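Each chain is listed here by its residues.
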Amino acid sequence: MTRTLDRGVVDRRPPRLPRRLAALMRPELPSLAQEIIHEVRKSIPEYGRPMQGPYVEALRIGVERALAHFVDQVANPAAPRDRHDETYRRLGRFEAQEGRTLDTLQAAFRIGAQVAWRRIMKVGPRRHLSSAVMAQLADALFAYIDELAALALEGYADARPDEEVEGHRRRLLELMLRRPLASRRVLDELAGRAGWPVPGEVTLVAAPPGSPYVRAALDADVLADLTAAEPFLLVPGEVTAERRASLAHALPEGQIAVGLTVPVAHAADSLRWARQALGLVESGVLGDGPVTLCEDHLITLWLLSDQALIDQLARRNLTEMDGLNSRQRDRLLDTLRTWLMIRGTAASIAEELQIHPQTVRYRMRQLEGALGDRLTDPDSRFAIEVVLRAMWLRQGLTRDATRTGTDG
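What you see is a predicted model; the values in this text were computed from it and never measured. (Residues numbered from 1 in each chain as written. Predicted model: local features only at pLDDT ≥ 70, side-chain atom pairs only at ≥ 80, totals over all residues. Heavy atoms only, no water.)

Colleague: What is the right way to look at unusual backbone geometry in this model?
Modeller: Most peptide bonds take the trans configuration, and most residues that are not glycine carry a negative phi. Phi at R343 takes a positive value of approximately 50°, unusual for a residue other than glycine. Phi at Q354 takes a positive value of approximately 60°, unusual for a residue other than glycine. Tracing the backbone shows Q354 in the loop between α14 (346-353) and α15 (357-371). (Helix = DSSP H or I, 4+ residues; strand = E, 2+ residues; numbered from the N terminus.)

Dropping the structure here:
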């Protein structure tokens, strides 16, 4: 049964049902609530998250109270309903505050009604309910679901931010990421309509696709597109410790990467760096803490900004190593990287690599024979060092980054 859930006056007089039905239905409620929650979480991605999330908690409360109140109304149609009504208005307000539409909540209502009706069809004949009573029960159930949806819509409409202002903020966010940047006059005019003063500097933040979020936890001056394929936020000025705490609360289950603080004209660069850092976290190159700051990984971001170009540099500067087997090649390149890094004696290099100094001397003679003048030419030597550091990072080695100077 498909219904259109519109805001309006709800007929709160469902068909009068025999009160004895309440006694038959009440023992079914705990297992029915679990079945409904399972089906909703399986069918709607927003609810299919860890059980401690706000979405799932709202689902649990909504289902349990809806079932209990429906049975209470059957037992006593005059039972008070103020608390019940406010529960579903609050659900609607929750959706609005999170910046979402009511689609997922209304889909959950429909799934709940379908699961409940399947249970009625299973239990009714066993309890010898007549077809007339079953028809009344169906009408009452779907009228009740329409009522819940209307109450949620009331709360949603009350809490929904001004659509025109939100539209201006979305447009402003889009303009600030364009290249070339719109004129300052255009930005200031749109920012005025959006109620958002254009700051001198901004910081962009990237989040993983599909991250659950609590929009109400963000500061009012943060612009965000959290439903994009690649969610992101724009924070005026620097991301302070307090800002980081609010971001972690707004994206409680998601790893985020914070770009560099830049003038507004370079907002797109900040977002590009943040997304690159997020990709390096996902690939295991960077640590997986809840917040990754690009400013802590500048050299890594630079070295891995164009991996295809690094491959080309390697082909031009290390091609003589291709004839070696992988084990020999790795040992020689690790020795070469350490030599370029510390520029020390064979003994100091040996200590770093935990091998014998004579082994270092032997390997260096091999490297000099293979690479020749490239080890003495400053430009070639720099190119080789860049390649080796990038390769080392890309392989996900776990040596102390502060010792090697990998990160800025």
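Colleague: Explain the sheet that holds strand β4 (residues 256-263) to me, please; I cannot follow it from the model alone.
Modeller: Think of a sheet as strands paired side by side through backbone hydrogen bonds, with each pair either parallel or antiparallel. If you walk across this open sheet you meet the five strands as β2-β3-β1-β4-β5, and the pairing is mixed. In the strand order of this sheet, the two ends are held by β2 (223-225) and β5 (291-293), each with one partner. Each neighbouring strand pair of the sheet contributes to a mean axis angle of 20°, computed without reference to strand direction. Summarising the sheet, β2 and strand β3 (residues 232-236) pair through three bridges and their orientation is antiparallel. Paired with A224 across the two strands is L233, which belongs to β3. (Pairing = 2+ DSSP bridges. Axes fitted to C-alpha atoms, helices over the stretch in contact; angles between N-to-C directions.)

Colleague: Would you explain a nonpolar patch on the surface in this entry?
Modeller: A cluster of nonpolar side chains, namely I299, W302 and F382, defines an oily patch on the protein surface of about 320 Å² accessible area. Turning to its location among the elements, F382 is positioned in helix α16 (residues 378-394). (Patch = residues over 30% accessible without salt bridge, like charges linked within 9 Å, V, L, I, M, F, W, Y side chains within 5 Å. Areas by Shrake-Rupley, 256 points an atom, 1.4 Å probe, with all protein chains shown as cover. Salt bridge = Lys/Arg side-chain N within 4 Å of Asp/Glu carboxyl O.)

Colleague: Any chance you could explain a negative patch on the surface here in plain terms?
Modeller: Judged by side-chain charge, E201, E238, E295 and D296 come together as a negatively charged surface patch. Within the secondary structure, E295 sits in the loop between β5 and α11 (298-303). The partly exposed category is assigned to E295, whose relative accessible area is 49%. (Lys, Arg positive; Asp, Glu negative; His and termini not counted. Charge placed at Lys NZ, Arg CZ, Asp CG, Glu CD. Buried < 20%, exposed > 50% of the residue type's maximum accessible area, 1.4 Å probe, protein only.)

Colleague: Mind showing me how you'd approach the pattern of salt bridges here?
Modeller: Opposite charge on two side chains makes pairing possible when the charged atoms of those side chains draw close. Evaluated as defined, the whole model comprises 20 salt bridges. A salt bridge links R343 to E385; its shortest N-O distance comes to 3.6 Å. Highlighted residues: R343 in the loop between α13 (326-342) and α14 and E385 in helix α16, separated in sequence by 42 residues. Its relative accessible area of 43% is what places R343 among the partly exposed residues. Because the salt bridges share partners, they merge into one network encompassing E28, E35 and R119.

Colleague: I keep staring at the packing of helix α12 (residues 307-317) against α16 and nothing clicks. Help me out?
Modeller: The relative placement of two packed helices comes down to the angle between their axes together with the axis-to-axis distance. At their nearest, the axes of α12 and α16 sit 9 Å apart, and the two run at 130° to each other. Taken together, the axes of α12 and α16 lie oblique to each other. Handedness of the crossing formed by α12 with α16: left-handed. Contact residues: α12 offers Q307, I310, D311, L313, A314 and N317, while α16 offers S380, A383, I384, V386, V387, A390 and R394. For the contact of α12 with α16, the class distribution of residues is eight nonpolar, three polar and two charged. (Parallel < 35°, antiparallel > 145°, perpendicular 65-115°, else oblique. Left-handed = near helix turned anticlockwise from the far one by under 90°. Contact = heavy atoms within 4.5 Å. Nonpolar A, V, L, I, M, F, W, Y, C, P; charged D, E, K, R; others polar.)

Colleague: Mind showing me how you'd approach the environment of L388 here?
Modeller: With respect to the helices and strands, the residue L388 is situated in helix α16. With 50 residues separating them in the primary sequence, L388 and T338 have C-alpha atoms 9.6 Å apart. Setting aside anything within four residues of it in sequence, one finds L388 in contact with L318, L333, L336, R337 and L340.

Colleague: For this particular structure, what's the right way to read the packing of aromatic side chains?
Modeller: Aromatic ring pairs are described here by two measures, namely the spacing of the ring centres and the angle between the planes. For the structure shown, the criterion picks out two aromatic pairs. Measuring from ring centre to ring centre gives 5.2 Å for F70 and Y144, while their planes differ by 50°; the resulting arrangement is tilted. Taken together, the positions of F70 in helix α3 (residues 54-75) and Y144 in helix α6 (residues 131-159) put the pair 74 residues apart, joining distant regions of the chain. Here the two residues F70 and Y144 agree in accessibility, since each one is buried. Between Y88 and F109 the ring centres are 6.2 Å apart and the planes differ by 50°, which places this aromatic pair in the tilted class. Taken as a pair, Y88 in helix α4 (residues 82-97) and F109 in helix α5 (residues 103-126) lie far apart in primary sequence, 21 residues in all. Among the residues examined, Y88 registers a relative accessible area of 1% and is labelled buried. (Phe/Tyr/Trp six-rings, centres within 6.5 Å; stacked < 30°, edge-to-face > 60°.)

Colleague: Hey, could you run me through the confidence of the model for the protein chain in this one?
Modeller: In this model, the protein chain carries a mean pLDDT of 82, and residues with pLDDT of at least 70 account for 88%. The weakest mean pLDDT in the protein chain belongs to helix α17 (residues 401-404) at 37; the strongest belongs to strand β1 (residues 201-206) at 96. Contacts of residues 397-408 to residues separated by more than four positions or lying in other chains number 27 contacts, the stretch itself having pLDDT below 50. (pLDDT = per-residue confidence, 0-100.)

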